[in-house]
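So the chains spell out like this:
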Amino acid sequence: MIVLGVILLVIGFLTSLSFLWTIGIVLVVVGLILWVMGAVGHEVGGRRHYY
């Protein structure tokens with residue numbers, strides 16, 4: 001999810017499409033939140049680890 005968000009950020013920056021930039025930021029933030037929750041031991045979506 002984080003990688004997809006970064007790819008969308010780059011494409012949105014290069015093509016000046018603001019909606020890709022916005023979606024990329026949202027995906028990166030959600031991916032980081034899920035990654036941190038999984039890293040500290042909280043179950044995310046019924047899984048012990050989020051990969």
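Residues numbered from 1 in each chain as written. Predicted model: local features only at pLDDT ≥ 70, side-chain atom pairs only at ≥ 80, totals over all residues. Heavy atoms only, no water.

Undergrad: Now, about the overall build of the protein chain: what can you tell me, with residues and values included?
TA: When helices and strands are tallied, the protein chain shows two helices and zero strands. For the protein chain, buried positions account for 24% of its 51 residues. Within the protein chain, contacts between residues at least 6 apart in sequence are counted, and of these 23% link residues at least 24 apart. Summed over all atoms, the accessible surface of the protein chain reaches about 3,900 Å², with 75% contributed by carbon and sulfur. (Helix = DSSP H or I, 4+ residues; strand = E, 2+ residues; numbered from the N terminus. Buried < 20%, exposed > 50% of the residue type's maximum accessible area, 1.4 Å probe, protein only. Contact = heavy atoms within 4.5 Å. Areas by Shrake-Rupley, 256 points an atom, 1.4 Å probe, with all protein chains shown as cover.)

Undergrad: Go over the packing of aromatic side chains with me, naming the residues and quoting the values.
TA: Counting across every chain of the model gives one aromatic pair. Ring geometry for Phe 13 versus Trp 21: centroids 6.3 Å apart, planes at 45 degrees, classification tilted. Here Phe 13 falls in the exposed class, since its relative accessible area comes to 60%. The class for Trp 21 is partly exposed, based on a relative accessible area of 38%. (Phe/Tyr/Trp six-rings, centres within 6.5 Å; stacked < 30°, edge-to-face > 60°.)

Undergrad: I'd love a proper account of helix H1 (residues 2–15), names of residues and values included.
TA: Every α-helical turn comprises 3.6 residues, leaving residues that sit three or four positions apart pointing alike. Taking 1.5 Å of rise per residue, the 14 residues of H1 would be expected to cover 20 Å, and the 20 Å separating its terminal C-alpha atoms lies within 8% of that figure. What H1 keeps buried is the set Gly 5, Leu 8, Leu 9 and Gly 12. The buried residues of H1 occupy an angular sector of 105 degrees when the element is viewed end-on, so they sit on one face. What points out from H1, more than 90 degrees from its buried face, is the exposed set Val 3 and Leu 14. Two residues or fewer past H1, Ser 16 is found with a positive phi of approximately 60 degrees. (Expected span 1.5 Å × (residues − 1). Arc of directions from axis to C-beta.)

Undergrad: Tell me about the environment of Leu 9, residues and numbers included.
TA: Checked against the element boundaries, Leu 9 lands in helix H1. Among the residues examined, Leu 9 registers a relative accessible area of 17% and is labelled buried. Put simply, Leu 9 and Leu 20 are 11 residues apart on the chain and 6.5 Å apart in space, counted from C-alpha to C-alpha. Sequence-distant contacts of Leu 9, defined by excluding residues within four places in its chain, comprise Trp 21, Gly 24, Ile 25 and Val 28.

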